[in-house]
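# Chain and residue survey
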Amino acid sequence: QVQLVESGGGLVQAGGSLSLSCAASTRTSSSNFMGWCRQVPGKERELVARISRSGRIKYADSVKGRFTISREYTKDTVHMQMNSLTTEDTAVYYCNANTASTDCLGGYWGQGTQVTVSS
């Protein structure tokens with residue numbers, strides 16, 4: 001069992017920046033891939049970014065060039081810097097850890113943290 005503890009998020013004006021962090025309670029193969037998915041009411045959860053233990057990164061097209069995901073490999077902790085935020089980025093962001101590179105399917109989940117971008 002892997003527990004994911006999230007921190008960061010909050011309220012920011014459009015054009016501003018926020019950061020998110022997520023720490024796994026144990027270092028196991030269940031955390032081969034770690035990243036963030038987000039969800040708004042009435043829509044499916046969507047991948048924002050993920051990073052593998054080997055350093056392979058995938059970003060959603062909507063955040064490329066604005067968000068940066070990084071990983072502390074010895075601690076299975078991931079960070080995501082979010083710049084140039086828009087109102088479209090408003091969502092609940094969930095940390096995800098998984099053995100496979102699935103897009104927001106399965107694995108372990110954090111409790112979710114709200115990101116609100118005001119216009």
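Scoring rules and cut-offs
Residues numbered from 1 in each chain as written. Predicted model: local features only at pLDDT ≥ 70, side-chain atom pairs only at ≥ 80, totals over all residues. Heavy atoms only, no water. Salt bridge = Lys/Arg side-chain N within 4 Å of Asp/Glu carboxyl O. Helix = DSSP H or I, 4+ residues; strand = E, 2+ residues; numbered from the N terminus. Core = buried A, V, L, I, M, F, W, Y, C linked by side-chain atoms within 4.5 Å. Buried < 20%, exposed > 50% of the residue type's maximum accessible area, 1.4 Å probe, protein only. Phe/Tyr/Trp six-rings, centres within 6.5 Å; stacked < 30°, edge-to-face > 60°. Lys NZ or Arg CZ within 6 Å of the ring centre and 35° of its normal. Pairing = 2+ DSSP bridges. Axes fitted to C-alpha atoms, helices over the stretch in contact; angles between N-to-C directions. Polar contact = N/O pair within 3.5 Å; in protein donor to acceptor, adjacent residues only side chain to side chain.

### Overview of the pattern of salt bridges
Counted according to the given criterion, the structure contains 9 salt bridges. Residues D103 and R50 are paired through a salt bridge, measuring 2.3 Å at the closest nitrogen-oxygen approach. Taken as a pair, D103 in the loop between β9 (91-98) and β10 (108-109) and R50 in strand β5 (residues 46-52) lie far apart in primary sequence, 53 residues in all. Put simply, R38, E46, R66 and D89 are held in one network by salt bridges that share partners.

### Topic: the nonpolar core
Core analysis: the largest hydrophobic core is formed by 26 residues, its most contacted members being W36, M80, M82 and Y93. Breaking this core down by element, the ones donating at least two residues are β3 (18-24), β4 (33-39), β5, β7 (67-72), β8 (77-82), β9 and β11 (113-118).

### Considering the packing of aromatic side chains
Applying the stated criterion across every chain, the model contains 1 aromatic pair. We note R45 situated over the ring of Y94; from NZ or CZ to the ring centre the distance is 3.8 Å. Directly above the ring of W109 sits R45, whose terminal nitrogen or CZ lies 4.5 Å from the centroid.

### Considering the sheet that holds strand β1 (residues 4-8)
Here we have 4 strands laid out as an open sheet, ordered β1-β3-β8-β7, and antiparallel in their pairing. Among the strands making up the open sheet, the edge pair consists of β1 and β7. Strand-to-strand twist of the sheet, defined as the mean angle between neighbouring strand axes without regard to direction, takes the value 15°.

### Examining the environment of S54
With respect to the helices and strands, the residue S54 is situated in the loop between β5 and β6 (57-59). Linking S54 and S29, residues 25 residues apart in sequence, is a C-alpha distance of 12 Å. Within polar-contact distance, the side chain of S54 engages the side chain of S52 at 2.9 Å.

Just distances and angles here, no functional claims.
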